[in-house]
Amino acid sequence: EASPAMTSSGDVADGRPHVVLIPSAGMGHLVPFGRLAVALSSVHGCDVSVVTVLPTVSTAELKHLEGLFDAFPAIRRLDFQLAAFDASEFPGADAFFLRFEAIRRSAPLFGPLLAGAGASALVTDVTLTSIVIPVAKEMRIPCHILFTSSAAMLSLCAYFPTYLEDNAGSGIGDVDIPGVFRIPKASIPQALHDPNHLFTGQFVENSRSLANAAGILVNTFDALDLETVAALQQGSAVSSFPPVFSVGPLLPVCSPAVNEAKNPANYIEWLDAQPARSVVYVNFGSRKAILGVQLKELAAGLEASGHRFLWVVKSTVVDKDDAAELSELLGEGFLERVQKRGLVTKAWVEQEEVLKHESVGLFVSHCGWNSVTEAATSGVPVLAFPRMGDQRVNAGVVARAGLGVWVDSWSWEGEDWVVSGEDLSEKVKAMMADEVLRKTAASLGVAAAAAVANGGSSYRCLADFARLCLAAT
Ligand code: UDP
Ligand code: G50
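So, how was this worked out
Residues numbered from 1 in each chain as written. Chains lettered and ligands numbered in written order. Predicted model: local features only at pLDDT ≥ 70, side-chain atom pairs only at ≥ 80, totals over all residues. Heavy atoms only, no water. Pairing = 2+ DSSP bridges. Helix = DSSP H or I, 4+ residues; strand = E, 2+ residues; numbered from the N terminus. Axes fitted to C-alpha atoms, helices over the stretch in contact; angles between N-to-C directions. Contact = heavy atoms within 4.5 Å. Phe/Tyr/Trp six-rings, centres within 6.5 Å; stacked < 30°, edge-to-face > 60°. Lys NZ or Arg CZ within 6 Å of the ring centre and 35° of its normal. Parallel < 35°, antiparallel > 145°, perpendicular 65-115°, else oblique. Nonpolar A, V, L, I, M, F, W, Y, C, P; charged D, E, K, R; others polar. Salt bridge = Lys/Arg side-chain N within 4 Å of Asp/Glu carboxyl O. Buried < 20%, exposed > 50% of the residue type's maximum accessible area, 1.4 Å probe, protein only. Near = heavy atom within 4 Å. Polar contact = N/O pair within 3.5 Å; in protein donor to acceptor, adjacent residues only side chain to side chain. Areas by Shrake-Rupley, 256 points an atom, 1.4 Å probe, with all protein chains shown as cover.

Caption draft 1: The arrangement of the sheet that holds strand 5 (residues 143-147) in detail. With respect to topology, 7 strands assemble into an open sheet ordered 3-2-1-4-5-8-9, the strand pairing being parallel. The open sheet has two edge strands, strand 3 (76-81) and strand 9 (244-246), and neither has a second partner. Averaged over all neighbouring strand pairs, the angle between strand axes comes to 25°, with direction disregarded. Together, strand 1 (18-22), strand 2 (47-54), strand 4 (121-125), strand 5 and strand 8 (215-218) form the strand contacts of helix 1 (residues 27-43), whose direction differs from that of strand 1 by roughly 170°.

Next up, the structure:
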């Protein structure tokens, strides 16, 4: 394929808008950017570049990016080397929060990179909002934000500076977002209760800066978040909020190169051998390990439920995939006792493939937003088990949309008690037997497909966005 000639500004001469995507760190932030890149490039006629911030925190991220560029040669790769960053200023901070900070402090280097690329529009991650928008303004390039979490979390983010002003001097309590809903104190991301937390500083700066974005893309769709997006657009939470484009669920990029197909645990073969809708799939995302005591209760709960299960265990305590250490983690004799009906692995699984497998009947999820959208896409009911960050807010969306169940009294990270195996097992049993819930979840899958199909609400939003980029070209 011949590469189109460049105009003096660097924009592609064939009249297509050149959209430059600037993702942030972590799979939960990279994955939706890859999906957006493919949708804009393959479906909506844009010329797309993806800024590749090097080095990545994890090898999963690097492999994911390499797979994307391999599978979609039309998507251009713009390497960006991070400036040196001294993390000792933030002892004990989370590796991903530190990387957000390192990218933010590399901001002066974005100017030259973007000038060379000749962008007609930018889309950056919400974690980089306040540093990328001024660079884009200076260059007169419209800057949009891809919000990688729920619209509910977007409304909290948008309203948070106002909340802080109105409640100066007191700690964070329930946050009642005008025209949207009340987010109880217990659901506010843990870090935000500490004004001196690295994450809080970034969050507040980004929140203040959101109103200066040209537009905000959210990975959601009407059946999940319609009222929240409508309220934001009506200006009840914050006046003159930028246009919000609900473009989700951004669809998985089906390519063996992107979906690094290692499958060491042969979980697909295992799933193939199980009856329809009989398996409980348990995965808490890529970011955090679960506390040892909570892991043991989860194990007890899955065992007591009597159901088949596929459980992806992530633990920083153990980093090799051998049964001896897993058995230490999950309790003596557990793996032997559940051998016939449970598959436990510490390996990365292709969650998309698992969720769309017909043997899966329930997803016990931490409610990272990508996981929620993937469950909705596949029509699989979710038992919400939020652990940290935006996950309780997202769990609220899951419950309100009818995608699943969230017991909001259950503990999360930082609380001094854990959810018992008995409580977990009761919920799993009840949900596996709930035909109404199963039907509602399945209907959300149908609604998700309709939203992204040609002419659907999310399809039209993304087409509108592409037109806006074209107008800026
Ligand atoms: N994921 C996966 N396999 C795993 C763990 C995670 O494919 O074993 C994917 C998952 O499908 C999702 C992303 O990694 O697309 C995780 O994002 P999410 O927002 O759900 O949670 P986070 O990892 O950011 O907490
Ligand atoms: C991680 C986390 C908490 C959390 C989020 C995380 C979000 C919410 C959106 O990714 O995605 C958001 C993040 C950072 C920011 C502004 C908005 O500066 O532990 O809420």
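From this point, the discussion proceeds with the structure in view.
Caption draft 2: How the structure looks around the packing of aromatic side chains. One pass over the structure, following the stated rule, counts 13 aromatic pairs. Geometrically, the ring pair formed by Phe385 and Trp410 is edge-to-face, given 5.8 Å between the ring centres and 80° between the ring planes. With Phe385 in the loop between strand 14 (382-384) and helix 15 (391-401) and Trp410 in the loop between strand 15 (404-406) and helix 16 (421-432), the pair connects residues that are 25 residues apart, well separated along the chain. Following the ring pairs from residue to residue traces out a cluster consisting of Phe97, Phe100, Phe160, Tyr163, Phe199 and Phe203. Stacked on the ring of Phe385, the Lys or Arg Arg387 has its end atom at 3.8 Å from the ring centre. Residue placement shows Arg400 over the ring face of Phe181; its charged tip is 4.1 Å from the ring centre.

Caption draft 3: Summary view of the packing of helix 5 (residues 129-138) against helix 7 (residues 198-209). Between helix 5 and helix 7, the least distance of the axes is 7 Å, while the angle of their chain directions is 40°. In this view, helix 5 runs oblique relative to helix 7, as classed from their interaxial angle. Of the residues in helix 7, those in contact with Thr129, Ser130 and Ile133 of helix 5 are Glu205, Asn206 and Ser209. Here the residues of the contact of helix 5 with helix 7 sort into 1 nonpolar, 4 polar and 1 charged.

Caption draft 4: Seen up close, the pattern of salt bridges. Counted under the stated rule, the structure contains 13 salt bridges. Put simply, Arg182 and Asp176 hold a salt bridge, and the shortest N to O gap is 3.4 Å. The exposure class assigned to Asp176 is partly exposed, which follows from its relative accessible area of 40%. Here Glu426 ties to Lys429 by a salt bridge, and the two come within 3.7 Å at their closest N and O atoms. Linking Glu426 with Lys429, this pair stays in helix 16, spanning 3 residues, or about one helical turn. According to the relative accessible area criterion, Lys429 is partly exposed, its value standing at 35%. Among the charged side chains, a network of salt bridges with common partners joins Arg35, Glu352 and Glu374.

Caption draft 5: Main features of the site of ligand 2. Lining the immediate environment of ligand 2, one finds 15 residues, of which His29, Phe97, Phe203, Asn206 and Met388 sit closest. Note that an oxygen atom of ligand 2 is positioned 2.7 Å from one of the side-chain N or O atoms of Asn206. Within the complex, the protein chains bury 95% of what would otherwise be the 440 Å² of accessible surface of ligand 2. At 4 residues, the largest contribution of residues to the shell around ligand 2 is made by helix 7. Class assignment of the residues belonging to the shell around ligand 2 gives a composition of 9 nonpolar, 5 polar and 1 charged.

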